[in-house]
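Letter by letter, the chains look like this.
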Amino acid sequence: MKTNFKKVFGLGFLSLFLVACATYYQKSFDFQQYFANGQLGKAQSFLEKNEKEAEKRNRLLYFLDRGVIEQMLGNYEQSNAYFEQAYIFSQDFRKNFSQDLIGMTANPMLTTYRGEDYEVVLLHFYKAMNFMQLNQLDNALIEIRRVNVQLNEMNDRYEYKKNRYKEDAFAHTLMGLIYEAKGDNNNAFIAYRNAYNVYKTDYKENFLMQTPKQLKLDILRTAQKISFNQELDFYEREFDMKFQAQKFDGGEVVFFWLNGLGPVKSEFSINLSVVNGQGGLVSFANEQEQISIPYSSNRPYYNSEPSQFSDLKFVRMAVPKFKVRKPLINNARIEANGKTYPFEMVENIEQIAIATLKDRMWREMAKSIGRLAIKQAAEAAAKEKNDNLGAAVSMLGAFSEKADTRNWQTLPHSIHYTRIKLDTGLQNINLITEMNDTISYQINIVRNQTHFQTFHTLASTPPLEQ
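Because the structure is predicted, anything quoted here is derived from the model rather than measured.

The rules behind these values
Residues numbered from 1 in each chain as written. Predicted model: local features only at pLDDT ≥ 70, side-chain atom pairs only at ≥ 80, totals over all residues. Heavy atoms only, no water. Helix = DSSP H or I, 4+ residues; strand = E, 2+ residues; numbered from the N terminus. Buried < 20%, exposed > 50% of the residue type's maximum accessible area, 1.4 Å probe, protein only. Contact = heavy atoms within 4.5 Å. Core = buried A, V, L, I, M, F, W, Y, C linked by side-chain atoms within 4.5 Å. Salt bridge = Lys/Arg side-chain N within 4 Å of Asp/Glu carboxyl O. Pairing = 2+ DSSP bridges. Axes fitted to C-alpha atoms, helices over the stretch in contact; angles between N-to-C directions. Parallel < 35°, antiparallel > 145°, perpendicular 65-115°, else oblique. Left-handed = near helix turned anticlockwise from the far one by under 90°. Nonpolar A, V, L, I, M, F, W, Y, C, P; charged D, E, K, R; others polar. Polar contact = N/O pair within 3.5 Å; in protein donor to acceptor, adjacent residues only side chain to side chain. Phe/Tyr/Trp six-rings, centres within 6.5 Å; stacked < 30°, edge-to-face > 60°.

A closer look at the environment of Asn 130
- On the secondary structure map, Asn 130 appears in helix α8 (residues 117–133).
- On the basis of relative accessible area, Asn 130 is assigned to the buried category, the value being 0%.
- Not counting the four nearest positions on each side in its chain, Asn 130 is found in contact with Gln 71, Tyr 76, Ser 79, Asn 80 and Phe 83.

Details of the nonpolar core
- Judged by nonpolar contacts, the single largest core of 91 residues is most densely connected at Tyr 118, Phe 125, Tyr 165, Tyr 203, Phe 256 and Trp 408.
- Among the elements that line this core, the one with the most residues is α8, at ten residues.
- In this structure, Tyr 203 is in contact with Tyr 165, Glu 167, Asp 168, Ala 169, Phe 170, Val 198, Leu 208, Met 209, Val 346, Glu 347 and Ile 352, ignoring residues within four places of it in sequence.
- Formed by 16 residues, the second largest nonpolar core is a distinct cluster that contains Phe 255, Ile 420, Tyr 441 and Ile 443.

Considerations on the pattern of salt bridges
- In this structure the tally under the stated criterion is 26 salt bridges.
- When the shortest N-O distance is used, the salt bridge between Glu 238 and Lys 200 registers 3.6 Å. A residue pair is termed long-range when its members are at least 10 positions apart, and Glu 238 in helix α13 (residues 229–239) and Lys 200 in helix α11 (residues 185–206) qualify at 38 residues.
- Residue Glu 335 pairs with Arg 333 through a salt bridge whose shortest N-O separation is 2.9 Å.
- Judged by its relative accessible area of 25%, Arg 333 is partly exposed.

Looking at the sheet that holds strand β12 (residues 450–457)
- Sheet architecture is open: four strands sit in the order β8-β9-β1-β12, paired in mixed fashion. Single-partner strands in this sheet number two, and they are β8 (344–348) and β12. Here the strands of the sheet are splayed against their neighbours by 25° on average, with no regard to which way each runs.
- Contacts between α8 and the sheet are confined to β1 (251–259), β8 and β12, with β12 contributing the most and set at about 130° to the helix.

Some details on the packing of helix α6 (residues 76–92) against helix α9 (residues 137–157)
- Packing of α6 against α9 brings their axes to within 14 Å, and their N-to-C directions diverge by 25°. As far as their axial angle goes, α9 and α6 are roughly parallel. In this structure, α6 meets α9 at a crossing whose hand is left-handed. Touching Glu 84, Tyr 87 and Gln 91 of α6 are Arg 146, Gln 150 and Glu 153, all from α9.
- Grouping the amino acids of the contact of α6 with α9 by side-chain chemistry returns one nonpolar, two polar and three charged.

Thoughts on the side chain of His 172
- Looking at the element boundaries, His 172 is found in helix α10 (residues 169–181).
- Overall, the relative accessible area of 9% leaves His 172 in the buried class.
- Side chain to side chain, His 172 and Glu 167 meet in a polar contact 3.4 Å long.
- The contacts of His 172, once residues within four sequence positions are left out, are Asn 148, Glu 167, Ala 191, Tyr 192, Asn 194, Ala 195 and Val 198.

Thoughts on the packing of aromatic side chains
- As enumerated under the stated definition, the model contains 23 aromatic pairs in all.
- Seen from their ring centres, Phe 234 and Tyr 235 are 4.9 Å apart, and the 85° between their planes marks the pair as edge-to-face.
- Relative accessible area serves as the criterion here: at 39%, Phe 234 is assigned to the partly exposed category.
- Put simply, the rings of Phe 189, Tyr 196, Phe 228, Phe 234, Tyr 235 and Phe 239 pair up and form one aromatic cluster.

Considerations on the sheet that holds strand β6 (residues 332–336)
- Taking strand neighbours across the sheet as the criterion, the four strands line up as β7-β6-β10-β11 in an open arrangement whose pairing is antiparallel. Edge strands, defined here as strands with exactly one partner in the open sheet, are β7 (339–342) and β11 (438–445). Sheet twist, expressed as the mean angle between neighbouring strand axes with direction ignored, is 25°.
- Pairing of β6 with strand β10 (residues 425–433) involves four bridges; the strand directions are antiparallel. Bridging from a neighbouring strand, Ala 332 pairs with Thr 433 of β10.

Laid out in structure tokens, this is it:
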């Protein structure tokens, strides 16, 4: 009877384990394939058929994906409606003890997804770009200001903890573009200058990015327009560039090229040995990875004595990591009126995602250790009563040890932009990739007005180890 119990129990858990091991990317594979292959209609239909997801624990991701799909289909107002739902949810969702308890004791994938910090920031970029294409520039400014609010709240939370994503250079750049499109050159200059300061320091060091040349030209041009001669002279020397004002009676196009696909979350396991100490202290350690995490076994939320850990020698801890999807196209340009305008990167989303996850890795590992400690205490207590029960609890612990592999997976790898001066009237422009793929646009150019346009190139590799 004892053997049969083990066989049946083992087979049942094996089948459940295989299902549970799937990452969020694997579980949403059909949708991800539709999207990655540019089958936007099918991706939209998939989400429409699964509208109940908007009421479940992954509803934030559902709203974000719907917003991206609608934007790419040109449905900017519908896109913003979904992004606004994502924003409201991210603001209204408060810590829930039962949710935290599930994540602490079992599988964090069973909790409601709250979003990575950078994801909550980036949804405002999407909303701003939607408003810019709808020529609702005041609303676009509101969204960019929300970016700064979000970043300030993040920095308050992590005041004494490592956090490299403190300011967003792209947000300041967008703010400058919007102010200048509204004719407010003074505030445009301030925003461009702020963007440069972030690129020069944080972005260069943390996200491997250089200041776009176009941003430097924008600083010089707006400084000259508002007669900030001292600032103009300073930045000409700073950039080793001499500004030459040119009279122009046409309009402009600012083109945002979203390239590739952002990283997807996976998980990796660390095998830890457990060393019992005095006073209820237990150390979880891995010499090869140079990890040693002390943990107090006398926590009030489970009633266990330190001796309950005495039989424990090794445990497995699961923590999240990113797998990257590298763009298959690395360069593109705009051609218009016989001139060529190259794109420059303004935001490296892949690097921001990886850096923010690394910055919170010790916090993530501390939560995982707490989860392991509770599981091992439960296993030891069950084993004292019945060997089979102890085995069942042990298998349940292994089965449920899972990192949260959810993230916003329709984001691009990076965002690029270029600025184009065109004569008034209907003008033809072509976006041409290094693979010679061409996307043509006909845009009505109005004197002294700025038209905003976006396009997302999706071609990327499958998820790869960093």
